[in-house]
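Examining the three-dimensional arrangement
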Protein chains: 2
Amino acid sequence: MKQTEEMKKVSLGIDIGGTNTAIGVVDSDGNVMVKDSIPTPTHGDIDRYIQDIATAVREIMKSVRLLNPESRFMGIGVGAPNANYYQGTIEYAPNLSFKGIIQFVDLLKAQFPDMENIVLTNDANAAAMGEMVYGGAKDMKNFVMYTLGTGVGSGIIVNGDLVYGHDGFAGECGHTMLVPGGRVCGCGIRGHLEAYCSATGMKRTAFELLAHYNATDSLLAGKSYQQLESKDIYDAAVEGDKVALEVFEITGNYLAQGIADTIHHTSPEAVFIFGGPTAAGDLIFDPIKKNLDKYLLPVFRGKVKILPSKLKMGDAAIVGASALVWKELEKKA
Amino acid sequence: MKQTEEMKKVSLGIDIGGTNTAIGVVDSDGNVMVKDSIPTPTHGDIDRYIQDIATAVREIMKSVRLLNPESRFMGIGVGAPNANYYQGTIEYAPNLSFKGIIQFVDLLKAQFPDMENIVLTNDANAAAMGEMVYGGAKDMKNFVMYTLGTGVGSGIIVNGDLVYGHDGFAGECGHTMLVPGGRVCGCGIRGHLEAYCSATGMKRTAFELLAHYNATDSLLAGKSYQQLESKDIYDAAVEGDKVALEVFEITGNYLAQGIADTIHHTSPEAVFIFGGPTAAGDLIFDPIKKNLDKYLLPVFRGKVKILPSKLKMGDAAIVGASALVWKELEKKA
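Residues numbered from 1 in each chain as written. Chains lettered and ligands numbered in written order. Predicted model: local features only at pLDDT ≥ 70, side-chain atom pairs only at ≥ 80, totals over all residues. Heavy atoms only, no water.

**With respect to the sheet that holds strand β10 (residues 152-158) of chain A**
All names here are of chain A. Strands sit in the order β11-β10-β9-β12-β13 across an open sheet of five strands; the sheet is mixed. For this open sheet the edge positions go to β11 (161-162) and β13 (305-308), each flanked by a neighbour on one side alone. As defined by bridge partners, strand β9 (residues 143-148) adjoins strand β12 (residues 270-275) across six bridges and the pair is classed as parallel. Bridging across to β12, M145 finds its partner in F272. Lying on the sheet, helix α8 (residues 242-266) is in contact with β9, β10, β12 and β13; it crosses β9 at an angle near 150°. Each of β12 and β13 is contacted by helix α9 (residues 282-292), which is oriented at about 170° to β13, the strand it contacts most. (Pairing = 2+ DSSP bridges. Helix = DSSP H or I, 4+ residues; strand = E, 2+ residues; numbered from the N terminus. Contact = heavy atoms within 4.5 Å. Axes fitted to C-alpha atoms, helices over the stretch in contact; angles between N-to-C directions.)

Okay, here's the thing in structure tokens:
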């Protein structure tokens, strides 16, 4: 079979996490062809890290060329914490060992001078882009992506493009104020959504409920604060544990409150939710849907779809980052 | 002096309020050349109302042609409650007597078939557009406008254009949740920003404080709930009245909380504030600026300007509506 030009085009995705850096090559349908991972270093030496990334990228390009000698690498998309799209920089990322403002795109360009499109954005923005290019938002121009993990990230799409705002840092819906004076958020401010709706937030809710009910017989009562994970809450909820079930009810209601704020701002067609807690399915989606309308202006009620992300959990970060490249090509076309 | 083509271009602005409909002709610098006003009818007959508007518009066009026979009318911009930009409709506006969905733009086009650009949006969006075309946001691509009046409206500009969202109704920052379970908002939901930061919200705060302190000697203690206006609170604050001063402190703090939510969503360069309460100057702006950072992620602190609108209070609605026309021309160019 003769290959079309489209079939030869692939894009590279790099996801920089606090522990690992995932690198993959993705075809234009969003399939990961080859992937690899290197540790995100703790030594703080950005030049060494860039060298390590470049080596891994070259290896991976070699593997792809073995699979298909005609492969055309269209660019590299990078998802990273505290990433500034406009500047191509990673700025003061608290979970990385590199200090200050890192000229990440320039450093990577120096390694791959022939690669025309090297773009960087934060991981949640990359996930939103992945949803639009490969996932459930292919036909949407206005939607929002919430990513639930250790924290809560988000990416806002308006008129078919990511909202970066004036300085490149827009889309921090995880820091919507839910409970003035409430729980301490990771950012230090009290009452933000992230403190209630992240995987960690669910654990905090579980411990509050254990204390509230003195629920010695809950399936969650045997684990320490260090031990308990959101997966345990899901498992207990499936067994019918009352505390665990209430955690999902409360989390969904808080998410509904935050999502309503987002809807009042940007009136999306849908809100996609990505991340570990969404594996619980109806347990988390039902209380969001049930509570949403009570926070919304009449004009928005019953209109906005609340959907699970269609990105595959393990590949989403790479796939999202690689999607940045296709979007960049589309802008230049 | 010979006129340039630019000098001949004028645009019409129509602002539909609950009581009056203001109509004006605005030059490309944002100066109102001629204006008029007709009552917004309570009879509910949209065809009669459109006839009345058309008559007034024709009269006003005649006056402008007397001033400058070479005037070229580039279009009509309309600001209205519950306006849908995409559809050109006014939908279920609670303060107007016209029921259901009104095909406003189509009806107006039937009266002025030669007028190429007839556009409709809600009044706060129109004000944001006015700020960008004629006001303090001329050089900005990302900003937000809050309008404080009987209610609180807002318009969000991203990448130099209004955010309409999927259905045309985006930008309802007045319905950000500030106090879960708090005051009943005009929309029926408890705790929204509008219930705290509108002119009415300030009156509600004043009455709560009078009750809280049993402040018989406050300058505000002599007026009934029906009598008290936000202007009275300003006058009392200028006299050093403690209750009135605290109303401004509290209102500013609540605005800061809501504006922080907006900043976390869209990361604007500036937030403009328009409306009666802004006449109080530092009394309202100082507590916003003082409190804002405590609600913001570090990356946004000290970055976002909080500015009074540069639109003239009396003309802003007409001027904002007329600005829609210039923007429409820019899009087509």
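That covers the picture; the talk isn't over yet.
**Re the interface of chain B and chain A**
On the chain A side, the residues contacting the 40 residues of chain B number 40 residues. Overall, the association of chain B and chain A removes approximately 3,300 Å² of surface from exposure, summing both partners, and the carbon and sulfur fraction of that is 60%. On the chain B side of the contact with chain A, H166, H265 and L297 of chain B bury the most area, a combined 20% of that side's loss. Connecting chain B to chain A are two salt bridges. (Buried area = accessible area lost by both parts, 1.4 Å probe. Salt bridge = Lys/Arg side-chain N within 4 Å of Asp/Glu carboxyl O.)

**Focus on the domain arrangement of chain A**
Residues and elements named next belong to chain A. Here the domain parsing of chain A yields domain 1 (5-133 + 314-332) and domain 2 (143-308). Contacts between domain 1 and domain 2 engage 19 residues on the former and 21 residues on the latter. Carbon and sulfur atoms supply 64% of the area buried between domain 1 and domain 2, which totals about 1,500 Å² over both sides. The largest per-residue losses of area from domain 1 upon contact with domain 2 belong to Y86, N125 and E131, which jointly make up 32% of the total buried on that side. Counting across the interface, domain 1 meets domain 2 through one salt bridge. As a salt-bridge pair, K331 and D161 come within 3.5 Å of each other at their nearest N and O atoms. Taken together, the connections running from domain 1 to domain 2 amount to three residue pairs in polar contact (both at pLDDT 80 or more). Listed by contribution, the elements that provide at least two residues to the side of domain 1 that touches domain 2 are β5 (83-84), α4 (123-133) and α10 (316-332). A per-element tally of the side of domain 1 that touches domain 2 places α4 first, with seven residues. Grouping the constituent residues of the side of domain 1 that touches domain 2 by class yields 10 nonpolar, five polar and four charged. (Domains from an automatic or database assignment. Polar contact = N/O pair within 3.5 Å; in protein donor to acceptor, adjacent residues only side chain to side chain. Nonpolar A, V, L, I, M, F, W, Y, C, P; charged D, E, K, R; others polar.)

**Focus: the packing of helix α4 (residues 123-133) of chain B against helix α10 (residues 316-332) of chain B**
Residue and element names in this part refer to chain B. Packing of α4 against α10 brings their axes to within 7 Å, and their N-to-C directions diverge by 65°. Handedness of the crossing formed by α4 with α10: left-handed. On α10, the residues that touch A126, A127, M129, G130, M132 and V133 of α4 are G320, A321, A323, L324, W326 and K327. Along the lines of polarity and charge, the residues of the contact of α4 with α10 split into nine nonpolar, two polar and one charged. (Left-handed = near helix turned anticlockwise from the far one by under 90°.)

**With respect to the side chain of S267 of chain A**
Inspection of the secondary structure assignment puts S267 of chain A in the loop between α8 and β12. With a relative accessible area of 1%, S267 of chain A lands in the buried category. Look past the residues within four positions of S267 of chain A in its chain and what remains in contact with it is T262 and F300 of chain A together with Y164, G165, H166, D167, F169 and A170 of chain B. (Buried < 20%, exposed > 50% of the residue type's maximum accessible area, 1.4 Å probe, protein only.)

**A closer look at the relation of the copies chain B and chain A**
The transformation that overlays chain B on chain A combines an axial shift of 0.0 Å with a rotation of 180°, and the residual RMSD is 0.0 Å. Here the copies are linked by what is in effect a two-fold axis. Of the residues that chain B buries at the interface, 100% are likewise interface residues in chain A, meaning the two copies contact each other through the same surface. (Least-squares fit on C-alpha atoms with pLDDT ≥ 70 in both.)

**Structural notes on the pairing of β12 of chain A**
Residues and elements named next belong to chain A. Judged by how many residues are buried, β12 sits mostly within the fold: six of six residues are covered. The alternating pattern of β12 places A270, F272 and F274 on one face and V271, I273 and G275 on the opposite face, and all of these are buried. Relative to β13, β12 runs parallel, the two being bridged by four bridges. Pairing of A270 across the sheet is with K305, part of β13. In this fold, the crossover linking β12 to β13 by way of α9 has right-handed handedness. (Right-handed = clockwise from strand over helix to strand, strands pointing away.)

**Quick word on the packing of aromatic side chains**
Overall, the coordinates contain 14 aromatic pairs over all chains when judged by the stated rule. Put simply, the rings of Y85, Y86 and Y164 of chain A pair up and form one aromatic cluster. Lying over the aromatic face of Y225 of chain B, K203 of chain B brings its terminal NZ or CZ to 4.1 Å of the ring centre. (Phe/Tyr/Trp six-rings, centres within 6.5 Å; stacked < 30°, edge-to-face > 60°. Lys NZ or Arg CZ within 6 Å of the ring centre and 35° of its normal.)

**Brief notes about the pattern of salt bridges**
Residue and element names in this part refer to chain A. The tally for this structure, following the rule as stated, stands at 22 salt bridges over all chains. Notably, a salt bridge pairs D315 with K35, separated by 2.6 Å at the nearest N-O pair. Here K35 lies in strand β3 (residues 32-39) and D315 lies in the loop between β13 and α10, a separation of 280 residues in the sequence. With a relative accessible area of 47%, K35 lands in the partly exposed category.

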